[in-house]
Amino acid sequence: MTPLDYEFLRKLLKERSGLDLSSDKQYLVESRLVPLARKSGLPGITELVLKMKAGGAEALTAEVVEAMTTNETFFFRDKMPFDHLKDTMLPALLQARSARRSLRIWCAASSTGQEPYSIAMCLKQLGAAVAGWKVDIVATDLSQGVLEKSKAGIFSQFEVQRGLPIQMLVKHFTQVGDMWQLNADIRSMVQHRQLNLLQDFGHLGTFDVIFCRNVLIYFDQDTKAGIFERLARVVEGDGFMVLGAAESVVGISDAFKPYPDRRGLYRPNAIRAVKPGMAGGMLQRAAAAAAR
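The rules behind these values
- Residues numbered from 1 in each chain as written.
- Predicted model: local features only at pLDDT ≥ 70, side-chain atom pairs only at ≥ 80, totals over all residues.
- Heavy atoms only, no water.
- Buried < 20%, exposed > 50% of the residue type's maximum accessible area, 1.4 Å probe, protein only.
- Helix = DSSP H or I, 4+ residues; strand = E, 2+ residues; numbered from the N terminus.
- Pairing = 2+ DSSP bridges.
- Right-handed = clockwise from strand over helix to strand, strands pointing away.
- pLDDT = per-residue confidence, 0-100.
- Contact = heavy atoms within 4.5 Å.
- Axes fitted to C-alpha atoms, helices over the stretch in contact; angles between N-to-C directions.

**Details of the pairing of strand S1 (residues 102–107)**
Most of S1 is tucked away: six of the six residues are buried. Residue alternation in S1 divides its side chains into two sets, Ser102, Arg104 and Trp106 and Leu103, Ile105 and Cys107, and both sets are buried. Two strands pair when backbone bridges link them, and S1 and strand S2 (residues 134–141) are joined in this way by six bridges, in the parallel orientation. Paired with Cys107 across the two strands is Ala139, which belongs to S2. Note on the crossover from S1 through helix H6 (residues 114–125) to S2: the handedness is right-handed. Examined bridge by bridge, S1 and strand S7 (residues 207–212) share three bridges and lie parallel to one another. Directly across from Cys107, in S7, lies its bridge partner Phe211.

Okay, structure coming up:
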């Protein structure tokens, strides 16, 4: 891979997915794209780039973006966010939404489904407490391929052994050959939609909880700030946002504020700093949020 090839790929990935590759990530690009090049009948990355530059290779370009943005996931990853969901978020929201009896939860960058299905299993554990409630879990990802795998709800022995308690495996999965499939009642709790976080997502509606974990670490500061601003527009004023362990809004955006003593948990910030030229809009949003 030549330096020009790498710069082309860096620019392409930034424009298509927000992925901000530093100058020392050539090894990562090679490890993920050399197999793709060979699968496409090309000798290497240089030929892959030439084919994309020639035009008419949108499917190949989409495969390149997908190969570079597919990230690791597993059931109940990091555990703490799911403890926060059970101990802090759900008790507050069940009380606050008792009149309308509905909840909406969004998993952004949901990958192959372990995170939204972990949330679904947490809700299932509540039993009678959510009986009669309308609960929507929306799982979105840039990659249609991982969404299709998530919809099927079929996981390998290795995947179910990572983070999934044995009691939940026995209760919510059925063994199919050497694979495990989530039972239909859990699968039906999750809706899947393809979505690029760089684009507008207002059409998804508003949410009580947003899980946006382990994806923003790949974006530059300006891209993160823009995403936080748009997330703030689709989360309820008394709702919650969950970030990954290595992610934070601090120093990037004042759209959210940390929840006390709950690492990785945030709430919309009703009172925000007013910047020159933004006073009207900021004050309107603050007043609307405070009135909720």
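**A few points about the confidence of the model for the protein chain**
Confidence in the prediction for the protein chain averages 89 pLDDT; 92% of positions are at 70 or higher. Contacts from residues 273–292, a stretch scored under 50 in pLDDT, to residues over four places away or in other chains number 13 contacts.

**Looking at the sheet that holds strand S4 (residues 173–176)**
With antiparallel pairing, the three strands of this open sheet are ordered in space as S3-S5-S4. The strands lining the two open edges of the sheet, one partner per strand, are strand S3 (154–156) and S4. Adjacent strand axes in the sheet meet at a mean angle of 35 degrees when their direction is disregarded. Summarising the sheet, S4 and strand S5 (residues 179–182) pair through four bridges and their orientation is antiparallel. Looking at the pairing, Thr174 lines up with Gln181 of S5.

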